[in-house]
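Residue-level structural notes
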Amino acid sequence: MRILGIETSCDETGAAIVEDGTKLISNALASSIKLHAKTGGIIPETAAREQIKYIIPVINRVIKQANIDTSKLDAIAVTVGPGLLGSLLVGVETAKTLSYVWDKPIIPVNHLIGHIYANFIEQTDYRLRTTAVDGRPSTVDITFPALGLIVSGGHTDLVLLKNHGRIKWLGGTRDDAAGEAFDKIARLLGLPYPGGPAIEKAAQRGNISRFKFPRPMIDLDDFDFSFSGLKTAVLREVKTIEQPALSRAEGLNNRAINDIAASVQQVVIDVLVAKTIKAAKQFEAKSILLGGGVAANQTLRDRFKLAIGNLKLEIPFFFPEKWLCTDNAAMIASAAFFNYKPLEWKKITANPQLYFD
Ligand code: KG4
Ligand code: ZN
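It should be emphasised that the depicted structure is a prediction, and the values quoted were computed from it without experimental measurement.

On to the overall build of the protein chain. Regarding its fold elements, the protein chain presents 11 helices and 12 strands. Relative to its length of 357 residues, the protein chain is compact, with a C-alpha radius of gyration of 21 Å against a globular reference of 21 Å. Oriented by its inertia axes, the alpha-carbon framework of the protein chain measures out at about 70 × 45 × 35 Å. Out of the 357 residues in the protein chain, the part that is buried amounts to 52%. Nonlocal contacts in the protein chain, meaning residues at least 24 apart in sequence, comprise 73% of its contacts between residues at least 6 apart. Working note: accessible area of the protein chain is about 15600 Å², and carbon and sulfur atoms make up 53% of it. Of the charged side chains in the protein chain, 42 are positive and 37 negative; the average position of the first set lies 2 Å away from that of the second.

Taken together, 21 residues surround ligand 1, and among them Gly 153, Asp 183, Gly 196, Glu 200 and Gly 293 come closest. Interatomic distance of 3.2 Å between a backbone N/O atom of Gly 179 and an oxygen atom of ligand 1. A distance of 2.7 Å separates a nitrogen atom of ligand 1 from a polar atom in the side chain of Glu 200. A total of 550 Å² of accessible area belongs to ligand 1 in isolation, and the protein chains cover 89% of it. Elements with a contribution of two residues or more to the shell around ligand 1: α4 (111-117), α5 (178-188) and α6 (195-203). When its residues are assigned to classes, the shell around ligand 1 shows 6 nonpolar, 12 polar and 3 charged. No fewer than three residues from each of domain 1 (2-123 + 324-347) and domain 2 (126-320) sit in the shell around ligand 1.

This part is about unusual backbone geometry. A cis amide bond links Phe 144 with the next residue in sequence, Pro 145, at an omega value of 0°. Its place among the elements puts Pro 145 in the loop between β7 (137-138) and β8 (146-151). The peptide bond linking Tyr 193 to Pro 194 adopts the cis configuration, its omega dihedral lying at -5°. Positionally, Pro 194 belongs in the loop between α5 and α6. Positive phi outside glycine occurs at Asp 103, with the angle close to 60°. By secondary structure assignment, the location of Asp 103 is in the loop between α3 (85-102) and β5 (106-110). Relative accessible area serves as the criterion here: at 68%, Asp 103 is assigned to the exposed category. You will see that Met 217, though not glycine, has its phi angle at about 65°, which is positive.

Summarising the model, the protein chain shows a mean pLDDT of 91, and 93% of its residues fall at 70 or more. Ignoring residues within four places in sequence, the model shows residues 124-139, a span with pLDDT below 50, making 32 contacts including any to other chains.

So, on to the sheet that holds β5. Strand order in the open sheet formed by 5 strands is β3-β2-β1-β4-β5, with mixed pairing between adjacent strands. Looking at which strands have only one partner, the edges of the open sheet turn out to be β3 (23-31) and β5. Pairs of neighbouring strands in the sheet enclose a mean axial angle of 20°, with direction left out of account. Relative to β5, strand β4 (residues 75-81) runs parallel, the two sharing 5 bridges. Its bridge partner being in β5, Ala 77 is matched across the sheet by Ile 107. Packed on one face of the sheet, helix α2 (residues 44-66) meets β1 (2-7), β2 (12-19) and β3 and runs near 25° to β2. The sheet contacts of helix α11 (residues 330-338) involve β1, β2, β3, β4 and β5, and relative to β1 the element is tilted by about 130°.

About the cut-offs
Residues numbered from 1 in each chain as written. Chains lettered and ligands numbered in written order. Predicted model: local features only at pLDDT ≥ 70, side-chain atom pairs only at ≥ 80, totals over all residues. Heavy atoms only, no water. Helix = DSSP H or I, 4+ residues; strand = E, 2+ residues; numbered from the N terminus. Rg over C-alpha atoms; globule rule 2.2 N^0.38 Å. Buried < 20%, exposed > 50% of the residue type's maximum accessible area, 1.4 Å probe, protein only. Contact = heavy atoms within 4.5 Å. Areas by Shrake-Rupley, 256 points an atom, 1.4 Å probe, with all protein chains shown as cover. Lys, Arg positive; Asp, Glu negative; His and termini not counted. Charge placed at Lys NZ, Arg CZ, Asp CG, Glu CD. Near = heavy atom within 4 Å. Polar contact = N/O pair within 3.5 Å; in protein donor to acceptor, adjacent residues only side chain to side chain. Nonpolar A, V, L, I, M, F, W, Y, C, P; charged D, E, K, R; others polar. Domains from an automatic or database assignment. pLDDT = per-residue confidence, 0-100. Pairing = 2+ DSSP bridges. Axes fitted to C-alpha atoms, helices over the stretch in contact; angles between N-to-C directions.

Spelled out as structure tokens, the structure:
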């Protein structure tokens, strides 16, 4: 079954054609991220206007790339939420129109569940798709129950996938998401938007031992997260550093920025790894799946591998290729295939607040 996926929940306009939920046939992505970098964050109206500009060219491109007639498409999948209303509407209304004109079923997809399904996309070589605990490419299949960690700009959630379509939410952030914390802290440090990749880069040259930030909720028994206190702690530190009267004052120079970035990244990763592994053990997960923009962070990926290896957990650990961690439409088409619940186009609506049932 060939599904055309459409993703427009935020500042990326994506289309992809995926066969049987796993084989990527074609993919295209346009992004307005450069515009948002100028303003230091997303302005929803700007994002929506850019979606309108890109949506038709992006869909056209994947159909051309796949070199197939649209009659060979079996269904259309579209992100219906969560996300920015104006952005979501562009994808949803386009998908509905195509569904009506082409007479194809349409499958609404939850963006967060989509992030998990990025793990199911194989590319030219299936073995390149997954990575075993020891870092070798692996052919291990994803088995259930699977523990999913979704770490994006808007969400930090732990979910248990008992099977396709049977998802139990275990916990999530009580305030800022992990990516949001990176974005806000990067701004405090004068680093560019999006903050996650900027913090990752700065952290490579930083000293993780110089600053000690709290590891929020790491020892609590639940599966919730909280990252807004980290931002406040960084703000306090930045103010101290900038006070010229203090003997250790050197200003917020590159060294201080790199050192803060290294500690911040370390703290976020410590909490994510600890809670995910605790949940995987408690729910006897047979695989761990990472998804969302923050999952592109190499240190996070390495730390997961290390922790699973050190604990000798026999749980295969999967993360998508980096470009499949951030927003894309391939993951939406994959989620639609494995959770095939078509609706009549009239019944599809965008829902910015959509969460887990
Ligand atoms: O999944 P995504 O593309 O969009 C949402 O659904 O939110 O995630 C974007 C988030 C941003 O907060 C960005 O700073 C973060 O992912 N991010 C990263 C990295 N790449 C993107 N965070 C840490 N390290 C990265 N390499
Ligand atoms: Zn996302």
